[in-house]
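So the chains spell out like this:
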Amino acid sequence: MSTAAPLPLRCWAEIDLAALERNLKLIRASLPPHIRYVAVVKADAYGHGLPQTVARLMHAGADLFAVANITEAMTIRELSADWPILLLGATLPEEVRYLAEYDLAATVSNSEELHRFNDAGAAASKPIAVHLKIDTGMGRLGIWHEHARQLYDQICAASGVRLAGIFTHFASADDDPAFTAEQRRRFLATLQTFPDLDSRHLFIHADNSAGLESTPGNGGAFNAVRVGLLQFGVLPHPHSLLARVHTEPVFSFHTRVGLVKQLPAGTGISYGRTHTLPQDSRVAILTAGYADGIARASSNRGFVLIKGQRCPILGRVCMDQTIVDITAVPGDVQSGDPVVLVGRQGEAEISLAEFSVWANSIPWETLTTVTKRVSRLYKTPLGI
Ligand SMILES: *Cc1c(COP(=O)(O)O)cnc(C)c1O
């Protein structure tokens, strides 16, 4: 089979790698020069595509990659044999043997995990790198801060592991500055109980994207940040004011008009007829639906951009199709016309944060629920 032209796309995401690179540099420039950059690229780099994203972040000088699991780490290992990688999730007992094989740093939260890592390091005759995680009030991974000293001592005494970092995670960095400050205080107080702590050889990190806002000007005791969402140019809420760094969106989401039709007032639209046209209307049927990542929750609620105009979603979003009102769009809308779901079109823009509100969701979830059938088109790759 040989067709000259590639199949036209019905729904796709555009990933602007040059914007990603600029974002990393902007975030770095906003921080003291000694602060290292941990790029969080779990979940297929927040849906942006892991290999492409990581390759560009390597080029931009990320110091360490943080992923959720070994499969993701192995994808990075195909690009670099020795770039530091941290597994943010708990390591399952059967996964431990891959730590040495792929030279991965594991998160350690208790002495049971430590023993497993230590045994694996001894068996491989190569110490396993670990980042000690301290629970300062997130209630997820990590050793409760009041008990951290003992685990620290055990790590220092274990010859099969090598302490490579110490970190904590904020529970409410984007909406509770007082509690974030308390977590920061607990973390620093815990570090002070560790004897012989030589942080020069360690990654000491706490701040995620939102935490960056309150990072002390000199970095304080921290020497690394752990950035996910912000490097992709996304804010947690439509009205977040991240005063410190203005990154640009890397991701935009697109579909097309499949069909245009005129319908009389009183017509019920889509499954369940949850919307009734109040007037004679022109509608467009789009070639994407919830199986692409347009949340069903945005039925009768969300908007799309056509010819630079906001057009409301009418009725329920379907699996492969979505119906929008184009009555107010001036000029001719035709089958094939481009539609923006997230991003800019002319003067108009729909932010990912706004799209996420319509979906009853948050940008992290929205990005990771854009489905596999949505092609990712990489704009501005290197070497062009
Ligand atoms: C996902 C994650 C991050 C990144 O958070 P953002 O808010 O996306 O910057 C940082 N640390 C941990 C432990 C995470 O799980």
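Residues numbered from 1 in each chain as written. Predicted model: local features only at pLDDT ≥ 70, side-chain atom pairs only at ≥ 80, totals over all residues. Heavy atoms only, no water.

Engineer: In this structure, what is going on with the overall build of the chain? I would like to understand it.
Structural biologist: The secondary structure content of the chain amounts to 10 helices and 20 strands. In the chain, which comprises 384 residues, the share counted as buried stands at 52%. The long-range fraction of contacts in the chain, counting pairs at least 24 apart against all pairs at least 6 apart in sequence, stands at 67%. Measuring between centres, the 35 positive side-chain charges of the chain sit 4 Å from its 37 negative side-chain charges. (Helix = DSSP H or I, 4+ residues; strand = E, 2+ residues; numbered from the N terminus. Buried < 20%, exposed > 50% of the residue type's maximum accessible area, 1.4 Å probe, protein only. Contact = heavy atoms within 4.5 Å. Lys, Arg positive; Asp, Glu negative; His and termini not counted. Charge placed at Lys NZ, Arg CZ, Asp CG, Glu CD.)

Engineer: Please clarify how the site of the ligand should be interpreted in this entry.
Structural biologist: Within the structure, the ligand sits among 14 residues, and Lys42, Tyr46, Ser209, Arg226 and Leu229 are positioned closest to it. In the environment of the ligand, an oxygen atom lies 2.6 Å from a nitrogen or oxygen atom belonging to the side chain of lysine 42. Contacts to the ligand include arginine 226, whose side-chain N or O atom sits 2.7 Å from a nitrogen atom. Calculation on the ligand without its partners gives an accessible area of 390 Å², and the protein chains cover 93% of this total. (Near = heavy atom within 4 Å. Polar contact = N/O pair within 3.5 Å; in protein donor to acceptor, adjacent residues only side chain to side chain. Areas by Shrake-Rupley, 256 points an atom, 1.4 Å probe, with all protein chains shown as cover.)

Engineer: Would you explain the packing of aromatic side chains in this entry?
Structural biologist: To describe a pair of aromatic rings, one takes the distance between the centres and the angle between the planes. Counting across every chain of the model gives eight aromatic pairs. When the centroid spacing of 4.2 Å and the interplanar angle of 5° are considered together, the rings of tyrosine 152 and phenylalanine 194 count as stacked. Taken together, the residues tyrosine 152 in helix α7 (residues 148–157) and phenylalanine 194 in the loop between α8 (177–192) and β9 (203–205) connect sequence positions 42 residues apart. With respect to burial, tyrosine 152 and phenylalanine 194 carry one shared label: buried. Between phenylalanine 253 and phenylalanine 355, the aromatic rings sit 6.1 Å apart at their centres with planes inclined by 80°, giving edge-to-face as the arrangement. Of this pair, phenylalanine 253 sits in strand β11 (residues 251–263) while phenylalanine 355 is found in helix α9 (residues 352–358), placing the two residues 102 residues apart along the sequence. Each member of the pair phenylalanine 253 and phenylalanine 355 is classed as buried. Aromatic ring contacts, followed pair by pair, group Phe251, Phe253 and Phe355 into a single cluster. Over the ring of phenylalanine 303 we find arginine 310; its NZ or CZ atom is 6.0 Å from the centre of that ring. (Phe/Tyr/Trp six-rings, centres within 6.5 Å; stacked < 30°, edge-to-face > 60°. Lys NZ or Arg CZ within 6 Å of the ring centre and 35° of its normal.)

Engineer: Please explain the pairing of strand β5 (residues 105–108) as it appears in this structure.
Structural biologist: Regular strands show a simple pattern: their side chains alternate between the two faces of the sheet. Where burial is concerned, the two faces of β5 agree: the one with Ala105 and Thr107 and the one with Ala106 and Val108 are both buried. Alignment of strand β4 (residues 85–87) against β5, held across two bridges, turns out to be parallel. Among the inter-strand pairings, leucine 86 is bridged to a residue of β5, identified as alanine 105. When β5 meets strand β6 (residues 128–135), the two strands line up parallel, connected through three bridges. By the bridge assignment for β6, valine 108 is matched with leucine 132. Between β5 and its parallel partner β6, the chain crosses via helix α6 (residues 111–124), and the hand of that crossover is right-handed. (Pairing = 2+ DSSP bridges. Right-handed = clockwise from strand over helix to strand, strands pointing away.)

Engineer: Help me understand the domain arrangement of the chain, please; the structure alone is not making it clear to me.
Structural biologist: Think of interface size as the accessible area that goes away when the parts come together; that is how it is often given. Domain annotation for the chain reports domain 1 (17–232) and domain 2 (251–379). The C-alpha-based centres of domain 1 and domain 2 are spaced at 38 Å. Every contact between the two is made by 10 residues of domain 1 and, on the other side, eight residues of domain 2. Carbon and sulfur atoms make up 64% of the area that domain 1 and domain 2 hide from each other, which totals about 890 Å². For the domain 1 face of the interface with domain 2, the top three residues by lost area are Tyr46, His48 and Leu229, together amounting to 50%. The interface formed by domain 1 and domain 2 includes zero salt bridges. Where domain 1 meets domain 2, there are four residue pairs in polar contact (both at pLDDT 80 or more). Contributing elements (two or more residues each) for the side of domain 1 that touches domain 2: α1 (17–29) and α2 (42–46). For the side of domain 1 that touches domain 2, the per-class residue count stands at five nonpolar, four polar and one charged. (Domains from an automatic or database assignment. Buried area = accessible area lost by both parts, 1.4 Å probe. Salt bridge = Lys/Arg side-chain N within 4 Å of Asp/Glu carboxyl O. Nonpolar A, V, L, I, M, F, W, Y, C, P; charged D, E, K, R; others polar.)

Engineer: Any chance you could explain unusual backbone geometry here in plain terms?
Structural biologist: Negative phi values dominate among residues other than glycine, just as trans dominates among peptide bonds. Its identity is not glycine, yet alanine 45 carries a phi of approximately 55°, on the positive side. Among the secondary structure elements, alanine 45 is positioned in helix α2. A relative accessible area of 0% means that alanine 45 is categorised as buried.

Engineer: Looking at this structure, how should I read the environment of threonine 368?
Structural biologist: Mapped onto the secondary structure, threonine 368 falls in helix α10 (residues 363–368). Accessibility expressed as a relative area gives 39% for threonine 368, which makes it partly exposed. As for threonine 368 and glycine 47, which are separated by 321 residues in sequence, their C-alpha atoms are 4.8 Å apart.

Engineer: What exactly am I supposed to notice about the nonpolar core here?
Structural biologist: Counting 110 residues, the largest nonpolar core has Val41, Leu132, Ile166 and Ile306 as its most contacted members. Apart from residues lying up to four places away in sequence, isoleucine 166 is in contact with Leu132, Ile134, Phe187, Leu191, Phe194, Leu197, Leu202, Phe203, Ile204 and His205. Formed by seven residues, the second largest nonpolar core is a distinct cluster that contains Leu277, Ile285, Leu314 and Ile323. (Core = buried A, V, L, I, M, F, W, Y, C linked by side-chain atoms within 4.5 Å.)

Engineer: How should the side chain of serine 356 be read in this particular structure?
Structural biologist: Relative to the elements of secondary structure, serine 356 occurs in helix α9. Apart from residues lying up to four places away in sequence, serine 356 is in contact with Ser361, Ile362, Pro363 and Thr366.

Engineer: Would you explain the pattern of salt bridges in this entry?
Structural biologist: Between side chains of opposite charge, a pair can form when the charged atoms approach closely. Applying the stated criterion across every chain yields a total of 16 salt bridges. Linking aspartate 153 and arginine 149 is a salt bridge whose minimum nitrogen-to-oxygen distance equals 3.0 Å. One end of the pair is aspartate 153 and the other is arginine 149, both in helix α7 and four residues apart, which spans about a single turn. Three or more residues joined by partner-sharing salt bridges are found here, namely Glu21, Lys25 and Arg56.

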